[in-house]
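# Secondary and tertiary structure notes
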Amino acid sequence: MALHFVTDDATDAQPGDAVTLTGSEAHHAASVRRVRVDEAVTLGDGRGVWLSGVVTALGPKQVDVRVTGREEVAASVPRFVLVQALAKGDRDELAVQAATELGVDEIVPWQAARSVSRWDAKADKGLARWRTIVREAAKQAHRAWVPEVEGVARTADLVARAGASVVLVLEPTASVRLTEVAAEASDGRDVVLVVGPEGGIAPEELSALEDAGARLVRLGDTVLRTSTAGAAAISVLSAAHGRW
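Sequence order as written defines the numbering, with residues in each chain counted from 1. Reporting in this predicted model follows two pLDDT cut-offs: at least 70 for local features of residues, and 80 or more for side-chain atom pairs to be given and counted; totals over whole chains, interfaces and linings ignore these cut-offs and use all residues. Values reported for side chains reflect all heavy atoms of the structure, with hydrogen atoms and water molecules removed beforehand.

### Some words on the nonpolar core
Rule in force here: For the purposes of this section, nonpolar cores are sets of buried Ala, Val, Leu, Ile, Met, Phe, Trp, Tyr and Cys residues that join through side-chain atoms within 4.5 Å. Three exposure classes are used, based on accessible area relative to the maximum for each residue type with a 1.4 Å probe and protein chains only: buried under 20%, partly exposed in between, and exposed over 50%. A run of H or I in DSSP becomes a helix once it reaches four residues, and a run of E becomes a strand once it reaches two; helices and strands are each numbered from the N terminus. We call two residues in contact whenever any of their non-hydrogen atoms come within 4.5 Å of each other.
Counting residues in hydrophobic clusters, the biggest one holds 27 residues, and the most contacted among them are I107, W130, L168, L170, L178, L193 and V217. Looking at this core, the elements that each hand over two or more residues are strand 6 (80-85), helix 2 (91-102), helix 3 (123-140), strand 9 (166-170), helix 5 (178-181), strand 10 (191-195) and helix 7 (226-240). Setting aside its immediate chain neighbours within four residues, L193 contacts V81, L82, V83, L168, L170, A233, I234 and L237. Counting residues in each nonpolar core, the second largest holds 19 residues, with A153, V169, V194 and L209 among its members.

### Considering the pattern of salt bridges
Stated formally: Only one rule defines a salt bridge in this text: a Lys or Arg side-chain nitrogen within 4 Å of an Asp or Glu carboxyl oxygen.
Using the criterion set out here, one finds 17 salt bridges in the structure. Note that D190 is salt-bridged to R79, the shortest N-O span being 2.8 Å. One end of the pair, D190, is in the loop between helix 5 and strand 10; the other, R79, is in the loop between strand 5 (62-72) and strand 6, and 111 residues separate them in sequence. Linked through salt bridges whose partners overlap, the residues forming this network are R79, E106, E148, R161 and D190.

### Some words on the UniProt feature "domain: Ribosomal RNA small subunit methyltransferase E PUA-like" (unreviewed entry) in the protein
The test is simple: UniProt positions are given in the numbering used here, feature names are shortened, and annotations may be inferred rather than shown by experiment.
UniProt records the feature "domain: Ribosomal RNA small subunit methyltransferase E PUA-like" (unreviewed entry) for residues 21-67 in the present numbering. In residues 21-67, the share of helix is 21% and the share of strand is 49%. The end C-alpha atoms are 12 Å apart.

### A short note on the pairing of strand 3 (residues 40-44)
Stated formally: Strand pairing is defined by DSSP finding a minimum of two bridges between the two strands.
Among the 5 residues of strand 3, 4 are classified as buried, and the element is accordingly described as predominantly covered. Bridge count between strand 1 (residues 3-6) and strand 3: 4 bridges; the pairing is parallel. When the sheet's bridge partners are listed, V6 is paired in strand 3 with G44. Note that strand 3 and strand 4 (residues 49-58) share 5 bridges and pair antiparallel. Its bridge partner being in strand 4, L43 is matched across the sheet by L51. The turn linking strand 3 back onto strand 4 is made up of 4 residues, and G46 within it adopts a positive phi angle of 80°.

### What to know about the packing of helix 2 against helix 3
Cut-off, in case you're wondering: To obtain an axis, a line is fitted to C-alpha atoms, over the contacting stretch when the element is a helix, and the angle between two such axes runs from 0 to 180 degrees between their N-to-C directions. Less than a right angle of anticlockwise turn of the near helix away from the far helix marks a crossing as left-handed, whereas a clockwise turn marks it as right-handed. Under the scheme applied here, ten amino acids are nonpolar (Ala, Val, Leu, Ile, Met, Phe, Trp, Tyr, Cys and Pro), four are charged (Asp, Glu, Lys and Arg), and all others, including Gly, are polar.
Between helix 2 and helix 3, the least distance of the axes is 8 Å, while the angle of their chain directions is 35°. At the point where helix 2 passes helix 3, the crossing takes the right-handed sense. Mapping the contact onto sequence places D92, E93, V96, Q97, T100 and E101 in helix 2 and R129, W130, I133, V134, A137, A138 and Q140 in helix 3. Its residues assigned to classes, the contact of helix 2 with helix 3 shows 6 nonpolar, 3 polar and 4 charged.

Shown next, in the form of structure tokens:
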């Protein structure tokens, strides 16, 4: 499979045009992935444009690609949104990476009551890190759409979102399995999966979300880590909605 790169210059490019990769993307193409002249590659803008092309010239700071084909990939409906509670170590980053590879459309970092990790003084740094992880994972997975990473949410933000979206809260004690409701029609509304931190979602948060219309669901009889629960749930949704 051809190597894939992301650049804003892909948005308006047409067959026959030349697109130039510069900066970190050129370095990644030339020095890390070691593309060669005449090698077939694909380019995208992360917003649905998908180009096929051939490398015509390269250097350590610039890679030129001649566009040979163009496709515009529609955004998925419904959109799958992962609300991932902040977690210690790299567990939340692992969750974000896996969810991106598996098809999530938007990621929302959640400062849950029981989150050990706190972004209060470093939100910008944390968001930048997650966005980099998402971009690289989307490229690796050859995705036409790079998932959005929104600002840090509080529980009140999730409650407000429950009125306009289908919100499914992953909770090991829930009586309903995700597989029982995954295929239900969302009428085009976002399907939002909420994953708690290591210590689980606090009772008052569960109550607030349920009162707002969210539904508590479980994945099975075992308890998954916060780093794997979201990815497992995205897989279930992808199969149920015909993406896989």
